[in-house]
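# Observations on the three-dimensional arrangement
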Amino acid sequence: MSYDKRNDGRGFDDCRPMEAKAGIVKSASGSASFKIGETVAFATVQGPRDLYPKFLKNPKKGKIRVFYQMMPFSGVGGRIRPGPNRRAKEISMVTAKAFEEVLCLEDFPNAVVDIYIDIPQADAGTRCAGISAASIALADAGIRMTEMVAGVAVGRTADKLLVDLDYSEEAHEEGATDIPIAVTSVTDKISLLQMDGDMTQKQLSEVLRKGIVACKAINEVQKAALKKGYEVA
Amino acid sequence: MESKLLIKERDVVIPGEELASGMDFLPSEGTYRLENSIYSKVMGLVKVDGKVLKVRALRGGYLPKRNDTVIGKVTDIMSAGWFIDIFSPYNSLLPLKEGSSDFIQRGADLTRYYDIEDFVVVKILSVNAQKQVDVTIKGPGLRKLKGGRLIKINSQKVPRVIGKQGSMINLIKENTGTQVTVGQNGIVWIKGEDPLMENLAEKTIRKIEAEAHIPGLTDRIGEWLKDQVGGKK
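The structure contained in this document is the topic of the report that follows. All residue numbers refer to positions counted from 1 along the written sequence of the respective chain. By the order in which they are written, chains take letters starting at A while ligands take numbers starting at 1. In view of the model being predicted, local features appear only for residues whose pLDDT reaches at least 70, and side-chain atom pairs are presented and counted only at 80 or more, with totals across whole chains, interfaces and linings using the full set of residues. Only heavy atoms go into the side-chain values, all of them from the structure, while hydrogens and water stay out.

## Some details on the sheet that holds strand S2 (residues 12-13) of chain B
All names here are of chain B. Going by this rule: For two strands to count as paired, DSSP must find a minimum of two bridges between them. Secondary structure elements follow DSSP: runs of H or I no shorter than four residues count as helices, runs of E no shorter than two count as strands, and numbering proceeds from the N terminus.
A sheet is described by the order of its strands in space; here 4 strands give the open sequence S2-S7-S8-S4, paired in mixed fashion. Looking along the sheet, the strands with just one partner apiece sit at the ends: S2 and strand S4 (26-27). With 6 bridges connecting them, strand S7 (residues 44-49) and strand S8 (residues 52-57) associate as antiparallel partners. If you follow Val48 over to S8, its bridge partner there is Leu53.

Below you can see the structure in the form of structure tokens.
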């Protein structure tokens, strides 16, 4: 049996419905929420600010730190133990790396920008939603960056190539491959690429192309969220 | 290739948004060139100055610049001078020589001049590549602050609060009869005989901060202030 029709009825190259909002946390330098289907991410940016302990400082360029965390009630199963774990640390690291190239870090040597990503509701693709939200939050914080970054998961369920897998597709009984990617908005560079599963070389390049197209749609949602509230009557 | 401007003056743009194509335009503050096009680096308002494109940030923290007048707080006293927190990621030093025109004896009690937690209006003398900041208190308008109240505003909105040649700030001073000092770092000091007028000045500054991106600001604020003052009398 193959996977002929997606569980929620959308097309194979379609993302789930998206919703984004900038400036949700007043006390932060910048903040945003990003919702894609049932996956929700909150991103909060603090800084640039002074960095301690002092030995972490880099006198040539600024630093970015990401703190990814799933909230205790975010999963479909039991309580998720809060706090840093192996998975959260990995996602924090790859997210920080996804932004390093686009941020103008030389603007704030010796200082740090902290990004807090919280996932209140998870239905696969949380690191990608986190990246999409963090990108809006960084722009909202007025931090200089050459381009925006959007994240989406692509992959394979049974024999079909899909964009933006949800949890039922990621955990499909006939096997699935999950490839979270992040794409920059101007140069279409891939700043995050991970893969859990297997697929042929041909399938991979095809699915990546689909992912880049999907990220363009996410960019539009990010842009609309940032510009909301600044319309001049 | 023909050059084309893709945006209008005062449009709100996000990082990575294309501003112009072709080689006839020049990138300036907040923009960069990539191949044939000019893109924004920051979320903000576009300024078209002939062929030069600029983007002024809408939000973002204060980064120290030479010759800026800022309001800071004395956080520590060392033998070399006073440490001043200028509400940016970087601390600043007010050296002994720049602190007073008196001759200060070695080992003298420096709290006689400025004590910890005093607020001072200082000018930035120099900022080096590692963002070490030196300030001075010698100069017109630079002083220790006594009484009054301090409020913090978005530092990117400071030019709007001051207005062209100080038109906006004079408007506030004349209508409310208060003394107002605005630091480039977004700290505003207000002092007046009448606490109600202090309230009004604060409210006005908050209003300017919220409406800074809408054209016709000075006229609108002028009328609003007249209404408010008229209502109080």
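From this point, things continue past the structure.
## Notes on the pattern of salt bridges
Just so we agree on the cut-off: Only one rule defines a salt bridge in this text: a Lys or Arg side-chain nitrogen within 4 Å of an Asp or Glu carboxyl oxygen. In this scheme, a residue with accessible area under 20% of its type's maximum is buried, one over 50% is exposed, and one in between is partly exposed, where area comes from a 1.4 Å probe on protein chains only.
Scanning the entire structure with this criterion turns up 28 salt bridges over all chains. With its nearest N and O atoms 3.4 Å apart, the salt bridge here joins Asp50(A) to Lys57(A). Accessibility expressed as a relative area gives 28% for Asp50(A), which makes it partly exposed. Taking the shortest distance from any N to any O, the salt bridge between Glu29(B) and Arg144(A) comes out at 3.0 Å. Highlighted residues: Glu29(B) in the loop between S4 and strand S5 (31-34) and Arg144(A) in the loop between helix H2 (126-140) and strand S6 (149-157), drawn from two different chains.

## With respect to the packing of helix H1 (residues 86-100) of chain A against H2(A)
All names here are of chain A. Basically, it comes down to this: Lines are fitted to the C-alpha atoms to define the axes, a helix being fitted only along its stretch in contact, and any angle between axes, read from their N-to-C directions, falls within 0 to 180 degrees. Oblique is the label for every angle not falling under 35 degrees (roughly parallel), over 145 degrees (roughly antiparallel), or within 65 to 115 degrees (roughly perpendicular). Crossings are assigned a handedness: left-handed for a near helix turned anticlockwise from the far helix by less than a right angle, right-handed for a clockwise turn. Contacts are assigned to residue pairs with any non-hydrogen atoms lying within 4.5 Å of each other. All amino acids are sorted into three groups, where Ala, Val, Leu, Ile, Met, Phe, Trp, Tyr, Cys and Pro are nonpolar, Asp, Glu, Lys and Arg are charged, and the leftover types, Gly among them, are polar.
At a minimum axis separation of 11 Å, H1 and H2 run at an interaxial angle of 45°. With respect to H2, the element H1 is oriented oblique. You can see that H1 and H2 cross each other, and the crossing is right-handed. Contact residues: Arg87, Glu90, Ile91, Thr95, Ala98 and Phe99 in H1; Thr126, Arg127, Ile131, Ala134, Ser135 and Leu138 in H2. Of the residues that constitute the contact of H1 with H2, the class distribution is 6 nonpolar, 3 polar and 3 charged.

## Looking at the environment of Ser191(A)
Residue and element names in this part refer to chain A. Put simply, the rule is: Whenever two N or O atoms come within 3.5 Å, that pair is a polar contact, provided that in protein one can donate a hydrogen and the other can accept it, and provided that, for residues adjacent in sequence, both atoms are side-chain atoms.
Tracing the backbone shows Ser191 in strand S9 (residues 190-193). Taking the C-alpha atoms as reference points, Ser191 and Glu19, separated by 172 residues in sequence, lie 23 Å from one another. Beyond its immediate sequence surroundings of up to four residues, Ser191 is in contact with Lys97, Ala98, Val149, Ala182 and Thr184. A distance of 3.2 Å separates a polar side-chain atom of Ser191 from the backbone oxygen of Ala98.

## Some remarks on the interface of chain B and chain A
The test is simple: We define buried area as the total accessible area lost by two parts upon association, computed with a 1.4 Å probe and summed across both.
If you look at the interface, chain B gives 26 residues, while chain A gives 32 residues. With both chains or domains summed, chain B and chain A bury close to 2,400 Å², and 60% of this area falls on carbon and sulfur atoms. At the boundary of chain B with chain A, the tally comes to 4 salt bridges. Summed over the shared surface of chain B and chain A, the result is 10 residue pairs in polar contact (both at pLDDT 80 or more).

## Some thoughts on the side chain of Arg10(A)
All names here are of chain A. Position of Arg10 relative to the elements: it lies in the segment before strand S1 (18-22). On the accessibility criterion, Arg10 (13% relative accessible area) is buried. Among the polar contacts listed, one links the side chain of Arg10 to the backbone oxygen of Asp14, at a separation of 2.9 Å. Within the local environment of Arg10, its side chain forms a polar contact with the backbone oxygen of Asp164, the two atoms lying 3.0 Å apart. Discounting chain neighbours no more than four positions away, the residues touching Arg10 are Cys15, Arg16, Val163, Asp164, Asp166 and Glu169.

## Let's talk about the sheet that holds strand S7 (residues 160-163) of chain A
Residue and element names in this part refer to chain A. On the basis of which strands lie adjacent, the open sheet formed by 4 strands has the order S7-S6-S8-S9 and antiparallel pairing. Every interior strand has two partners, whereas the edge strands, S7 and S9, have only one. Averaged over neighbouring strand pairs, the angle between their axes works out to 20° when direction is ignored. Pairing between S6 and S7: 4 bridges, direction antiparallel. What sits directly across from Thr157, in S7, is Lys160. The strands touched by H1 are S6 and S9; relative to S9, the strand with the most contacts, the crossing angle is about 170°.

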